[in-house]
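Here is how the chains run, residue by residue.
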Amino acid sequence: PTIGWAVAPYNYTDSLDATIALVERVLPGVWWEVSSGPVATLQLVDNRYICADGATPAIALLIALLKAGETQ
């Protein structure tokens, strides 16, 4: 559902929570960060950094996850 022009807050946090759970399942031990922009950064266990931006924090984190998969 939407509230005016924005997505309802629980949809926003649900999608980010699901994305974080996926990242932790696919890349255990990875450090992640999502900042404004939205830009996501993953620090892999071998200390490589993967950065991505997207339309939402969840999408940015998913793109970073996909990029990390391409490098492995």
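The following paragraphs examine the structure supplied in this document. Residue numbers restart at each chain and count upward from 1, following the sequence in its written direction. Reporting of local features is limited, given that this is a predicted model, to residues whose pLDDT is at least 70; pairs of side-chain atoms are given and counted only at 80 or more, and all residues count toward the totals for whole chains, interfaces and linings. With hydrogens and water stripped out, all remaining heavy atoms of the structure feed into the side-chain values.

1. Quick notes on the overall build of the protein chain
So, step 1. Scanning the protein chain from N- to C-terminus turns up 2 helices and 5 strands.
So, step 2. Where helices and strands are cited, they refer to DSSP runs of H or I of at least four residues and of E of at least two residues respectively, numbered from the N terminus. Taken from N to C terminus, the helices and strands of the protein chain fall in the order β-β-α-β-β-β-α.
So, step 3. Only protein chains enter the accessibility calculation, which uses a 1.4 Å probe. A residue is then buried if its area is under 20% of the maximum for its type, exposed if over 50%, and partly exposed in between. Expressed as a percentage of its 72 residues, the buried residues of the protein chain come to 31%.
So, step 4. Between two residues, a contact is recorded if the distance between any of their heavy atoms is within 4.5 Å. Taking contacts inside the protein chain between residues at least 6 apart in sequence as the whole, the part at least 24 apart equals 27%.
So, step 5. Values of accessible area rely on a 1.4 Å probe in the Shrake-Rupley scheme; residue burial ignores everything except the protein chains shown. Counting every atom, the protein chain has about 4,600 Å² of accessible surface; 62% of that belongs to carbon and sulfur.

2. Brief notes about the sheet that holds strand β4 (residues 39-43)
So, step 1. One requirement defines pairing of two strands: DSSP has to find at least two bridges between them. With antiparallel pairing, the 3 strands of this open sheet are ordered in space as β3-β4-β5. Strand pairing shows two members of the sheet lacking a second neighbour, β3 (31-35) and β5 (49-53), which therefore form its edges. Shown here is a sheet whose adjacent strand axes are inclined to one another by a mean of 15°, direction ignored.
So, step 2. Bridge count for β3 against β4 is 5 bridges, and the pairing is antiparallel. By the bridge assignment for β4, Trp32 is matched with Leu42. For helices, the fitted axis covers only the stretch in contact; all axes are lines through C-alpha atoms, and the angles between them, taken along N-to-C directions, range from 0 to 180 degrees.

3. Brief notes about the nonpolar core
So, step 1. Leu27, Leu42, Leu44 and Leu61 are the most contacted members of the largest nonpolar core, which has 16 residues in total.
So, step 2. Contributions of two or more residues to this core are made by α1 (9-26), β4, β5 and α2 (57-71).
So, step 3. Here Leu27 is in contact with Leu42, Leu44, Leu65, Ala68 and Gln72, once residues within four sequence places are set aside. Here the nonpolar core consists of buried residues drawn from Ala, Val, Leu, Ile, Met, Phe, Trp, Tyr and Cys, with membership extended through side-chain atoms lying within 4.5 Å.

4. As for the pairing of β5
So, step 1. Of the two faces of β5, only the one carrying Ile50 and Ala52 is buried; Tyr49, Cys51 and Asp53 on the other face are not.
So, step 2. Across 5 bridges, β4 lies against β5 in antiparallel orientation. Bridging across to β5, Thr41 finds its partner in Cys51.
So, step 3. Once β4 ends, the chain turns through 5 residues before running back antiparallel as β5, passing Asn47 with a positive phi of about 70°.

5. Describing the side chain of Thr19
So, step 1. By secondary structure assignment, the location of Thr19 is in helix α1.
So, step 2. Classification of Thr19 as buried rests on a relative accessible area of 5%.
So, step 3. In protein, a polar contact means a hydrogen-donor-capable atom and an acceptor-capable atom, both N or O and within 3.5 Å, with residues adjacent in sequence counting only if both atoms are side-chain atoms; elsewhere, any N or O pair within 3.5 Å suffices. Of note is the side chain of Thr19, whose polar atom sits 2.8 Å from the backbone oxygen of Ser15.

These figures capture arrangement, not role.
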